[in-house]
There are 2 protein chains.
Amino acid sequence: MSLARVQFFSVSLDGFGTGEGLSLEAPFGHAGDRLHEWMFLTRWWRTLVGEPGGSLGIDDTFLRLHGPGVGAEIMGAGKYGYPGWHEDPDWKGWWGPSPPFHTPVFVLTHHPRPPIEMEGGTTFHFLDASPAEALATAREAAGGQDVRIGGGVRTIRAFLEARLIDHLHIAVVPILLGRGERLWDGMEGLEQDYEIESTTSPSGVTHVMFTRAGI
Amino acid sequence: MSLARVQFFSVSLDGFGTGEGLSLEAPFGHAGDRLHEWMFLTRWWRTLVGEPGGSLGIDDTFLRLHGPGVGAEIMGAGKYGYPGWHEDPDWKGWWGPSPPFHTPVFVLTHHPRPPIEMEGGTTFHFLDASPAEALATAREAAGGQDVRIGGGVRTIRAFLEARLIDHLHIAVVPILLGRGERLWDGMEGLEQDYEIESTTSPSGVTHVMFTRAGI
């Protein structure tokens, strides 16, 4: 069964998945790196950026599922680029020539452009589509594997509102951002459709996993 | 050292400490009992209400610190009664003739009345005072022991804003209330003053503890 899943998406204790004031220089606005520092401490991350060391504990274990079993990603325009990227014909995402996806990636945008083939197996496709349409397209491309809903906040909310998420893994980071984009707004009663399990990490993060009942 | 502490105050995953539509019949509004079901499963609670059984795990362990070491409580008017209780001269709180505090309890209200002595050592005092004034008064009464800031949401926020809380223990319950009173609003950067530790319970609750740096 091909699941639609959100993997280790970080939010602050007060529920913000990104800060205020996003720009090319500040992809997460006033949040800076604080939502993702727990990732930078892991061996998975260090290896990705060519550095030695890093933890091999629970955070690392979760992150190692970024690749295996995932056949495609869907991301919002706000994850793919800074506000206004669609006016830059040369923008190819934040990740350099070899992005860490290694699958087809479907970027939801009202300004589609031709696909961009990157090194390492990542191809960016640009879709002006509803969540359900995008998921059908990505499933087709995923060849029976799972589809990651990669973010940002508004994209995850749109897929939750459309009841399309089978597994939602949120990493709650013990900081209070105070402002930005809230993940949980308008999600009253969401827990009724899911089994929920939480586990804390020595890094301070709490991993909260929603598994759709009956899958 | 006498600490000002918040003990196992429950909030939903989206940060609400109470629901919408509070009344005499619905003390937590549309949240009902859902924020506190984890407590009802413990032996501490069962004993309190005269029932057998109950868990003896981590939730129970936390709850058993409700009494020991605490010499006084401060609560807001919204914890003491339903909206409008101050117009009822016979209102003596939600807890019956023998409330579970067994100490002086200082109720913050703009409508003070004479103290009410209850069974079992609880006396309700009514104060129209700032958080700092109320804490000074409660500390005096606590005889060197800690002062619990009992809630509700607005009272805890007022004490946090006044930087008066030494230890803040929040129980994050994996439900999404969607509406009500938010605990974390306006708390940007709060984590900078505290060491934070989290632990999950098999009940599904995550206990998040803020300890003021340097105490």
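Residues numbered from 1 in each chain as written. Chains lettered and ligands numbered in written order. Predicted model: local features only at pLDDT ≥ 70, side-chain atom pairs only at ≥ 80, totals over all residues. Heavy atoms only, no water.

Student: I'd like a description of the relation of the copies chain B and chain A, backed by residues and values.
Tutor: Once chain B has been moved 0.0 Å along the axis and rotated by 180°, it coincides with chain A to within an RMSD of 0.0 Å. Taken together, the rotation and translation relating the two chain copies correspond to the operation of a two-fold axis. The rotation axis passes nearest to the C-alpha of B:Thr200 in chain B, at a distance of 3.1 Å. In this assembly the copies share their binding face: 100% of the residues contributing to the interface of chain B also contribute to that of chain A. (Least-squares fit on C-alpha atoms with pLDDT ≥ 70 in both. Contact = heavy atoms within 4.5 Å.)

Student: Describe the interface of chain B and chain A, naming the residues involved and giving the relevant values.
Tutor: Each side of the interface is counted separately: chain B has 26 residues, and chain A has 26 residues. Summed over both partners, the interface of chain B with chain A comes to about 2,000 Å²; 55% of that surface belongs to carbon and sulfur atoms. Our count for the chain B to chain A interface comes out at 6 salt bridges. Salt-bridge contacts for A:Glu191 lead to B:Arg34; the nearest nitrogen and oxygen are separated by 3.7 Å. Taken together, the connections running from chain B to chain A amount to 8 residue pairs in polar contact (both at pLDDT 80 or more). Going through the elements one at a time, β10 (194-200) and β11 (206-212) of chain B are the ones with two or more residues in the side of chain B that touches chain A. (Buried area = accessible area lost by both parts, 1.4 Å probe. Salt bridge = Lys/Arg side-chain N within 4 Å of Asp/Glu carboxyl O. Polar contact = N/O pair within 3.5 Å; in protein donor to acceptor, adjacent residues only side chain to side chain. Helix = DSSP H or I, 4+ residues; strand = E, 2+ residues; numbered from the N terminus.)

Student: I'd like to hear about the pairing of strand β4 (residues 104-108) of chain B, residue by residue, with values.
Tutor: Residue and element names in this part refer to chain B. Buried residues dominate β4, accounting for 4 of its 5 residues. Here 4 bridges tie strand β3 (residues 70-76) to β4, and the two strands are oriented parallel to one another. Along β4, the bridge assignment pairs Glu-73 with Val-105. (Buried < 20%, exposed > 50% of the residue type's maximum accessible area, 1.4 Å probe, protein only. Pairing = 2+ DSSP bridges.)

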